[in-house]
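Observations on the model geometry
One-letter residues, chain by chain:
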Amino acid sequence: MEEKDFKCLRCGTISKFPYEKGVMMERQCLKCGSNSIRLVKEKKKEEKKKE
Amino acid sequence: MPQNDLKIGVFVCECGTNIAGSVDVDTLVEEAKKMDSVVYTAKNRYMCSEPGQQEIKKAIEEQKLDRVVIAACSPRMHEPTFRECVSAVGLNPYLVDMANIREQCSWVHMEDREKATKKAKDIIKAYIARARYLEPQEEKEIPVTRATLVIGGGIAGMQASLDLADAGYQVFLVEKEPALGGIMAQLAKTYPTMDCAI
Amino acid sequence: MMDVGRHPNIKLLTCSQVESISGYVGNFHVRVHKKARYVVESECTACNDCVEVCPVIIPDEYQQGLSSRKAIYIPFPQAVPSAYLIDMNNCLGTNPIACGKCAEKCDKKCIDYDMKDEIIEFDVGTVIVATGMDVFDPTPLDEYGYGTYENVITSMEFERLLSAGGPSDGHFIRPTDRRKPKTVGFIQCVGSRCEQRGQPYCSNICCMNTIKDTLLLKDHYPDIEAKVFYIDMRAFGKGFEDLFKRSKEAGVQYIRGIPGEIIEDSKTRNLKILVEDTTANKMEEHEFEMMVLSVGVTPRLDMPEVQKLLTLSKTPDGFFMEAHPKLKPVDAPTSGVFFAGCAEAPKDVKDSVTQASAAAARAETLLAAGKVKLEAITSELNADLCRFCTICAQACPYKAITVDPKKKTISYIEALCKGCGTCGAECRFSAIKMKHFTDEQIVSQIDTYLEEDSYDKVIIFACNWCSYAGADTCGGARLQYPPSSRLIRTMCSGRVDEKFVLHAFRKGAPMVVVSGCHYVDCHYIDANRWTQKRVEKLWDKLERLGIRPERLLLEWISAAEGRRFAQTMQDIEELRKKVTKEEIEHTIKILTEEEEKERQKQEKLKK
């Protein structure tokens, strides 16, 4: 399965998790254990680069 | 819309020292009194005890209470107790609500009495606010047809069918194949007894 | 089997499939499609006359294709019902000119080529799903050469070869030269415990099955040399270790290591393997005259049909999901439906029987009472506000909401609703009222909590079964955490509407937490997937509005995870402290404007 970058909103750690469009998955931050794992959107990455 | 002409009773439990030990129960009672529609307040050493329940029942009857908030332990612990208690004097069981000031307050903020009391006050007030919108609910009952469908005639399906049939119920056993037995009927012997499968 | 066949309370329908089940707990209506047997079941005496004259010869499924049967046949001698049937896909006789020999021969005239399929309908109060399992087919694993090398057989074929009623009358022979082999090797975990090839789980029965097979072999033929290649031998049940010991005492060798491939010697048709014995840490070569693949158990291929009939769910292993893995292991999430046997997970005979009796007892609890109490906390639709977007029907884990696309109406089956409230949270038009957890009730709690000093309070939505219970567990253990938390109980996290979260922020909450059960624990099948989807959308929305998404957290906390609850509260307190009063006031301003815009939009729509 494809892996994408996700950001933990509780501790800020960015890690890779399996991702499939439209499929819900339980993700847990390996550092703090939070489930507030948000997909890092491609667009945002580009914007950051520009900055 | 909230109902305004309500008569809410608030009962605060000390739970021995479990609640009273880290929360100021008298302050809670005073704060509850100030809330709209609250017509009756009381505290008790053990609200769930027989005398505690009697106090609730008496207040409902004498004060004609139509909503009850009990600030005590978790509803997962005593909600059934208090629902039964209020039903006994004719109040719909869904018109009683519990404010959890023990598991989620007095037991977890034991070192800061002032802040624990402030939180308990908030919890009680939130449940009094919620009580204004409570509505009676009905637990409906529907009849059950005394028959069972069993899908699959392997060992599990056969055993379940026999148990129910022996108990006197009609069983419909549906098997896709032309014969009963499933996978088990193909085994030479079965463990742990090492006997014949058929 | 005989007991089932003759029991006055059991109506046995073979060659039958359930076509549809409608209704709900206590009141299911069932339609069964019974295929024609072409032999009158009640008249047939199983005299065998018809079989003798049948000219068609095809492989016998019961004997794993190791011998043959006719087109008119009985699956096996002890079969119940004890009646023949015609396999119409292979029979020549639908046109009497073509054949018709069996009908001519039958004295009792019980063969009827014109027999029709039947539809049988009846009502039941409960349903037991005992659909069983399939045996893993090792053909795709070409390293073992099953299907190419004739002397490689599966454990199921082994059963038939050793059975007195089997194709060789109980004589153990190897397929290529029909003589007794001197050496037999067994390979364990074929199709089990492997992510890529087969199934990732342990099939539960194969270790004990092989131990049994080796004992049978040694009982009949003490001179046959038997070796078993394994990853772990799992003999965990009552009396199992004894059998394992007996097998070793009988001279069976157990070697820890799985061979990479089987190579056939083209002359002798013997089978060679190379294996690493991981206990001795050395490579070994072995040669066998015959090899048995100890194949695992897989979910049945036709499971989706049954799943659809009863709106059931599957666990990741592909078997049916229980209402709760520990506390309701035989109940399906659909009320009035129970599991028995391998439909729920791979099991041996004893465990299947145990679960079957448990399922029967669970069903009886309802049948004996003769009535069932429905959930009082259910949802209610206000048809006047409904815009027919049908999201509620998609979100309902129990299919309690049905859509009529022609009439454009939505209807509720109250008996199916379990009260998770996901439909209410998904409805964008406030057309659904979730009883006992109404919008007004929840909003009134938020308002009261945030009336004073909102900036030092964290709003936590907690589901009744897991995270609220987890907070209780935390209290029971007296684990201390900062007193900033303010909990709001819902039955399921699926109830937490987007508008509750936004309302809390608008009323000045620095942090909002949505918490519920871990995926496997969700008490409403999969309602918490909708929670996650909603929170993910909210993160985007908050960001769009210029509010830091980090202020909204999603946390799965089980009833047992008191420590996790306390830790979460401590971490969140640190995050709360970082939210300044200015930031909160800015958020209030943004969301108040947003609310006003929304209000104006709604008014326009009304006009």
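Residues numbered from 1 in each chain as written. Chains lettered and ligands numbered in written order. Predicted model: local features only at pLDDT ≥ 70, side-chain atom pairs only at ≥ 80, totals over all residues. Heavy atoms only, no water.

Remarks on the overall build of chain C
Counting its secondary structure elements, chain C contains 16 helices and 29 strands. The C-alpha radius of gyration computed for chain C amounts to 32 Å, which surpasses the reference 25 Å derived for 607 residues by more than 25%, pointing to a less compact arrangement than a globule. In terms of its C-alpha atoms, chain C occupies a principal-axis envelope of roughly 90 × 65 × 40 Å. When each of the 607 residues of chain C is scored for burial, the buried share is 56%. Within chain C, contacts between residues at least 6 apart in sequence are counted, and of these 67% link residues at least 24 apart. When the accessible surface of chain C is totalled, it reaches about 26400 Å², and 51% of it is carbon and sulfur. Taken together, the 82 basic and 89 acidic charged side chains of chain C have centroids lying 3 Å from each other. (Helix = DSSP H or I, 4+ residues; strand = E, 2+ residues; numbered from the N terminus. Rg over C-alpha atoms; globule rule 2.2 N^0.38 Å. Buried < 20%, exposed > 50% of the residue type's maximum accessible area, 1.4 Å probe, protein only. Contact = heavy atoms within 4.5 Å. Areas by Shrake-Rupley, 256 points an atom, 1.4 Å probe, with all protein chains shown as cover. Lys, Arg positive; Asp, Glu negative; His and termini not counted. Charge placed at Lys NZ, Arg CZ, Asp CG, Glu CD.)

So, the pairing of strand E7 (residues 170–174) of chain B
In terms of burial, E7 of chain B is largely enclosed, as four of its five residues are buried. The pairing of strand E6 (residues 147–151) of chain B with E7 of chain B spans five bridges and is classified as parallel. By the bridge assignment for E7 of chain B, Ala-147 of chain B is matched with Gln-170 of chain B. Regarding the hand of the β-α-β motif, the stretch spanning E6 of chain B, helix H6 (residues 155–166) of chain B and E7 of chain B is right-handed. Across four bridges, E7 of chain B lies against strand E1 (residues 10–13) of chain C in parallel orientation. Bridge assignment links Leu-173 of chain B to a residue of E1 of chain C, and that residue is Leu-12 of chain C. (Pairing = 2+ DSSP bridges. Right-handed = clockwise from strand over helix to strand, strands pointing away.)

Here's the deal with the pattern of salt bridges
Per the stated rule, a full pass over the model turns up 67 salt bridges over all chains. Close ionic contact of Lys-16 of chain A with Asp-5 of chain A constitutes a salt bridge, the shortest N to O distance being 2.9 Å. Pair noted here: Lys-16 of chain A is in strand E2 (residues 14–18) and Asp-5 of chain A is in strand E1 (residues 3–8), with a separation of 11 residues, a long-range link. The partner of Asp-453 of chain C in a salt bridge is Lys-118 of chain B, and the shortest N-O contact between them spans 3.0 Å. Of this pair, Asp-453 of chain C sits in the loop between helix H11 (439–450) and strand E26 (458–463) while Lys-118 of chain B sits in helix H5 (residues 113–131), each in a different chain. Asp-453 of chain C sits in the partly exposed class, given a relative accessible area of 30%. By sharing partners, the salt bridges in this structure join Arg-174, Asp-177, Arg-179, Lys-182 and Glu-289 of chain C into a single network. (Salt bridge = Lys/Arg side-chain N within 4 Å of Asp/Glu carboxyl O.)

Observations regarding the side chain of Gln-188 of chain C
All names here are of chain C. Tracing the chain through its elements places Gln-188 in strand E12 (residues 183–190). By relative accessible area, Gln-188 is classed as buried at 2%. Of the polar contacts made by the side chain of Gln-188, one reaches the backbone oxygen of Cys-206; its length is 3.3 Å. Among the polar contacts listed, one links the side chain of Gln-188 to the side chain of Thr-210, at a separation of 2.6 Å. (Polar contact = N/O pair within 3.5 Å; in protein donor to acceptor, adjacent residues only side chain to side chain.)

Topic: the interface of chain A and chain C
Each side of the interface is counted separately: chain A has 17 residues, and chain C has 21 residues. For the pair chain A and chain C, the summed buried area comes to about 1600 Å², and 46% of that belongs to carbon and sulfur atoms. Where chain A meets chain C, there are six salt bridges. Where chain A touches chain C, the interface holds 17 residue pairs in polar contact (both at pLDDT 80 or more). By residue class, the composition of the side of chain A that touches chain C is five nonpolar, five polar and seven charged. (Buried area = accessible area lost by both parts, 1.4 Å probe. Nonpolar A, V, L, I, M, F, W, Y, C, P; charged D, E, K, R; others polar.)

Topic: the arrangement of the chains
The chain pair with the greatest number of contacts, out of two pairs of chains in contact, is formed by chains B and C. Between chain A and chain B there is no contact; the minimum C-alpha to C-alpha separation amounts to 21 Å.

Examining the domain arrangement of chain C
Taken as a whole, chain C is organised into domain 1 (134–298), domain 2 (379–434) and domain 3 (439–598). For domain 1 of chain C and domain 2 of chain C, the distance between their C-alpha centroids amounts to 54 Å. (Domains from an automatic or database assignment.)

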